[in-house]
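Residue-level structural notes
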Amino acid sequence: MKNLLILTERIPFRRILTKNVKVGTNFKTQRCLASLVQKDARKNAEIDFTAEKYTHLQRNPNFSELTQEDISFFQKILPSNCLIIDKQDDLLPYNIDWMRKYRGKSRLVAKPQTTEQVSRLIEYCNGRKLAVVPQGGNTGLVGGGVPVFDEIIISTNNLNKIRSFDPLSGSLVCDSGCILENLDNYLAEQGYVMPLDLGAKGSCQIGGNVATNAGGLRFLRYGSLHGNVLGLEAVLPDGTILDNLATLRKDNTGYDLKQLFIGSEGTLGIVTGVSIQTPRRPKAVNVALVGLSSFENVQDAFIKAKEELSEILSAFEFWDASAVKLIKDHLVQGSRFPLEDNYPFYVLVESSGSNKVHDDEKLLCFLENLLEKDIAKNAIVAQDETQFRTIWSIREGIPEACSKAGSVYKYDVSMPLEFLYKMVEDVRCRFTDAGLYGEDLAVNSITGYGHVGDGNLHLNISAKSYAPEITALIEPWIYEWIEKHKGSISAEHGLGLMKAKYLGFSKSKSMIDMMKKIKQIVDPNGIMNPYKFISD
Ligand code: FAD
Ligand code: MLT
Ligand code: ZN
């Protein structure tokens, strides 16, 4: 191939690690799971209770408190191994969120095994005005899946069966508690792929993905769950089972009610079943890691990727030098990093297609052009599955590396691409001016990464601890900044408890009023996930 030599000279990953391996080996698309932060029981017990830390939150006095009679009822519906009652150590992982930022005081976790059991549980809770929090894999990043006070946790862990798969159409029907990675592995055997993928794939559940309208790493290629979900089964607070598990691609018969549940964050009901359109698994997948000097270069590289890779472009992710420092400090100490020199910015480009020769040629030409035009400073292409996983696990490991650096203030925003990184720079200035930003100061790292292809930035501010003076410096300033730049305060993580007060920065009063009317119709007692984004 033309210029291949020039390119390979600048691709040390290829030279160092593989000899005689053709560029663009066919890889399985399954990536490394960035292992989640281990929940250490002793440390968990030290986390402050949400209700005591955020004193503006008051328990809704309309809600009942759990009684022995209630417990007896739950024991009648569920076997004893599906209930956790008043056992503090066992309750702890359900009461604390992945960020270790929020801690509820729930006394009871119910883990139903069937939709009918969910229905009976919810109907009872509604009648008794017992507040409820639906919980999937508990990997949510906005405090939406854990209780604030003593809400009952309904976990979907035991709803974990694949119901059907049609190899002709690619439609998959499954319980909501199926773990995303398990579904993807199942589909791999059939030659199909889940249309979404996240770093939390080994723990998050498809019901949680639907409830948060998760975006993730394949969004650029396959789009939103609003397009991929074909049907849902959901249990409403009055116990009604809304059975809309259709597998049809087209169905224009009335309101598309399933859309209401996608992104509803457990505030309208419990999703118990999901029908989803899955695409064919791409035969040829390549991944490249690129080092760049500026965010302008990142934008130029993205424009070029769309232009030159077009239909085979499947992911375009970026991160900054601060992310790499955290990865080196906390995740891969002593290991060799694929790109030896340091760069202010890094981009991961993935191509997925059906013709390996064609895809290899396109990707290499694209990378050559980036290097020749000085848009990129260095580039490597994975030569085998290990290298493929290494590059992806760097990207997927960033949230965990940020968490290891301290208590993380996490912001997930979308906005016009030109302003995406300016937000990180402005936040750094703000903390520098306040004398709080530096290796040994209150805030030790401010990191930007995300899904460039979707205009989605993740800003992570790692601090020694969560402290009111740090929060006050960020909020509401950051939400005003986002509004001014015509962005959204939540691109993909949702609002949960963290952003419950701030919906007005991204939605008009008339839209919020409409949401409240819907909530009132579906959940008049307000038992579903209270104190979160749509509660008063
Ligand atoms: P949970 O955390 O258990 O719950 C999340 C919300 O959904 C809560 O409000 C809960 O009440 C509600 N809920 C859960 N299950 C149901 C149900 N069956 N019915 C009704 N409501 C329900 N998110 C992205 O969008 N993109 C990413 O790339 C991404 N990467 C991540 C990487 C890491 C390392 C981590 C820790 C998280 C990441 N997330 C990402 C966030 C998180 O994984 C997603 O929001 C995921 O969809 C949550 O699924 P879950 O099963 O863990 O839900
Ligand atoms: C990601 O893209 O890595 C996730 O959304 C998680 C995060 O933002 O930390
Ligand atoms: Zn993300």
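Per chain, residues are indexed from 1 in the order of the written sequence. Labels are handed out in written order, letters beginning with A for the chains and numbers beginning with 1 for the ligands. Totals for whole chains, interfaces and linings use all residues, but because this is a predicted model, local features are given only for residues with pLDDT of at least 70 and pairs of side-chain atoms are given and counted only at 80 or more. With hydrogens and water set aside, each side-chain value is computed from the structure's full complement of heavy atoms.

1. What to know about the site of ligand 1
Put simply, a residue is near a molecule or strand once any heavy atom of it comes within 4 Å of that molecule or strand. The environment of ligand 1 is made up of 36 residues, and the closest members are Pro 134, Gly 136, Gly 137, Thr 139 and Gly 140. Within the side chain of Thr 139, an N or O atom sits 2.7 Å from an oxygen atom of ligand 1. Pairs of N or O atoms are called polar contacts if they sit within 3.5 Å, as long as, within protein, a hydrogen donor faces a hydrogen acceptor (for residues adjacent in sequence, only side-chain-to-side-chain pairs). A distance of 3.1 Å is found between a nitrogen atom of ligand 1 and a side-chain nitrogen or oxygen belonging to Glu 492. Areas reported as accessible are Shrake-Rupley estimates using a 1.4 Å probe. Residue values count occlusion only from the protein chains shown. Burial of ligand 1 by the protein amounts to 97% of the accessible area it has alone, namely 970 Å². Only DSSP runs of H or I reaching four residues or more are called helices, and only runs of E reaching two or more are called strands; each is numbered from the N terminus. Secondary-structure elements contributing two or more residues to the shell around ligand 1 are strand 3 (132-135), helix 9 (206-212) and strand 9 (270-277).

2. Structural notes on the environment of Val 229
Mapped onto the elements, Val 229 comes out in strand 7 (residues 229-235). Under the scheme applied here, a residue whose accessible area is under 20% of the maximum for its type counts as buried, over 50% as exposed, and between as partly exposed, the area being computed with a 1.4 Å probe on protein chains only. With relative accessibility at 2%, the residue Val 229 sits in the buried group. Each C-alpha atom of the pair Val 229 and Pro 195 lies 9.8 Å from the other, and the pair is 34 residues apart in sequence. Residue contacts for Val 229: discarding those within four places in its chain leaves Val 210, Lys 258, Ile 262, Ser 275 and Ile 276. Residue contacts are counted whenever heavy atoms from the two residues lie within 4.5 Å of one another.

3. Observations concerning the site of ligand 2
Taken together, the residues surrounding ligand 2 are Leu 141, Arg 395, Pro 399, Lys 410, Tyr 449, His 451, His 458, Glu 492 and His 493. Within the contact set of ligand 2, an oxygen atom lies 3.0 Å away from a side-chain nitrogen or oxygen of His 451. Separating an oxygen atom of ligand 2 from a side-chain N or O atom of Glu 492 is a distance of 2.9 Å. Look at ligand 2: alone it shows 260 Å² of surface, and the protein chains cover 85% of it. Put simply, the parts of the chain that give the shell around ligand 2 at least two residues each are helix 16 (385-404) and strand 15 (443-451).

4. A look at the pattern of salt bridges
Counted as salt bridges are all cases of a side-chain nitrogen of Lys or Arg within 4 Å of a carboxyl oxygen of Asp or Glu. By the definition in use, this model includes 25 salt bridges. Among the ionic pairs, Lys 304 bridges to Glu 308, the shortest N-O distance being 3.8 Å. Separated by 4 residues within a single helix, Lys 304 and Glu 308 lie in helix 13 (residues 295-308), roughly one turn from each other. Pair check on accessibility: Lys 304 and Glu 308 agree, each one buried. Between Lys 377 and Asp 374 there is a salt bridge, with its nearest N and O atoms 2.8 Å apart. Take Lys 377: its relative accessible area is 34%, and that puts it in the partly exposed class.

5. With respect to the packing of helix 13 against helix 15 (residues 356-372)
Viewed as axis vectors pointing N to C, helix 13 and helix 15 meet at an angle of 150°, and their least axial separation amounts to 10 Å. Relative to helix 15, helix 13 is oriented roughly antiparallel. Note that helix 13 runs across helix 15; the crossing there is right-handed. Here helix 13 contributes Ala 301, Lys 304, Ala 305 and Glu 308 to the contact with helix 15, which in turn contributes Lys 362, Cys 365, Phe 366, Asn 369 and Leu 370. Partitioned by chemical class, the residues of the contact of helix 13 with helix 15 number 5 nonpolar, 1 polar and 3 charged. Between N-to-C directions, angles span 0 to 180 degrees; the directions come from axes that are lines fitted to C-alpha atoms, helices contributing only their stretch in contact. Angle categories: roughly parallel below 35 degrees, roughly antiparallel above 145, roughly perpendicular from 65 to 115, and oblique for all the rest. Helix crossings get a hand from a simple test, with the near helix turned counterclockwise from the far one by less than a right angle marking a left-handed crossing and a clockwise turn marking a right-handed one. Gly is put with the polar residues, along with every residue not named as nonpolar or charged; the nonpolar set is Ala, Val, Leu, Ile, Met, Phe, Trp, Tyr, Cys and Pro, and the charged set is Asp, Glu, Lys and Arg.

6. Overview of helix 17 (residues 422-433)
In this model helix 17 runs 16 Å from its N-terminal to its C-terminal C-alpha over 12 residues, within 8% of the 16 Å that 1.5 Å per residue would give. Trailing helix 17 by a residue or two, Gly 435 shows a phi angle of about 70°, which is positive. Here the expected span of a helix is defined as 1.5 Å times the quantity of residues minus one.

7. Notes on the packing of aromatic side chains
The geometry of an aromatic ring pair is captured by the separation of the ring centres together with the interplanar angle, meaning the angle of the planes. Side-chain rings of Phe, Tyr and Trp, where Trp is taken by its six-membered ring, are said to pair if the distance between their centres is within 6.5 Å; with planes under 30 degrees apart they count as stacked, over 60 as edge-to-face, and otherwise as tilted. Using the criterion set out here, one finds 23 aromatic pairs in the structure. Residues Phe 165 and Tyr 192 carry aromatic rings whose centres are separated by 5.1 Å and whose planes lie at 70° to one another, so their mutual orientation is edge-to-face. Linking Phe 165 in strand 5 (residues 162-166) with Tyr 192 in the loop between helix 8 (180-190) and helix 9, this pair joins segments that are 27 residues apart in sequence. The same class applies to Phe 165 and to Tyr 192, which are both buried. Seen in terms of ring centroids, Phe 318 and Tyr 421 are 6.1 Å apart; in terms of plane orientation they differ by 80°. Their pairing is edge-to-face. Residue Phe 318 is found in strand 11 (residues 313-320), and its partner Tyr 421 is found in the loop between strand 14 (407-414) and helix 17; the two are separated by 103 residues along the sequence. Residue class for Phe 318 comes out buried when judged on its relative accessible area of 0%. Cluster of aromatic residues (ring-pair linked, three or more members): Phe 295, Phe 318, Phe 345 and Tyr 421. Taking the ring centre of Phe 49 as reference, the NZ or CZ of Lys 105 above it sits at 5.0 Å. Placement of a charge over a ring requires the Lys NZ or Arg CZ to be within 6 Å of the ring centre, with the centre-to-atom vector within 35 degrees of the ring normal.

8. Things to note about unusual backbone geometry
Cis geometry is adopted by the peptide bond preceding Pro 476, which originates at Glu 475 and carries an omega value of 5°. Relative to the assigned elements, Pro 476 resides in the loop between helix 18 (468-474) and helix 19 (477-484). Unusually for a residue other than glycine, Asn 213 sits at a positive phi of about 50°. Even without glycine at this site, Ser 310 takes up a positive phi of about 30°. Residue placement: Ser 310 occurs in the loop between helix 13 and strand 11.

9. Section: the UniProt feature "domain: FAD-binding PCMH-type" (unreviewed entry) in the chain
Mapped onto the present numbering, the UniProt feature "domain: FAD-binding PCMH-type" (unreviewed entry) falls on residues 102-281. As annotated, residues 102-281 has a helix share of 24% and a strand share of 22%, and its two end C-alpha atoms lie 38 Å apart. UniProt positions are given in the numbering used here, feature names are shortened, and annotations may be inferred rather than shown by experiment.

10. Overview of the domain arrangement of the chain
The split of the chain into domains comes from an automatic or database domain assignment. Partitioning the chain into structural domains gives domain 1 (1-30 + 283-397), domain 2 (32-155), domain 3 (162-277) and domain 4 (405-505). Centre-to-centre, using C-alpha coordinates, domain 2 lies 28 Å away from domain 4. The interface is formed by 13 residues belonging to domain 2 together with 11 residues belonging to domain 4. Joining two parts hides part of their accessible area as seen by a 1.4 Å probe, and the buried area is that hidden amount summed over both. When domain 2 packs against domain 4, the two sides together hide about 990 Å² of surface, and 73% of this comes from carbon and sulfur. For the domain 2 face of the interface with domain 4, the top three residues by lost area are Lys 101, Leu 141 and Val 142, together amounting to 51%.

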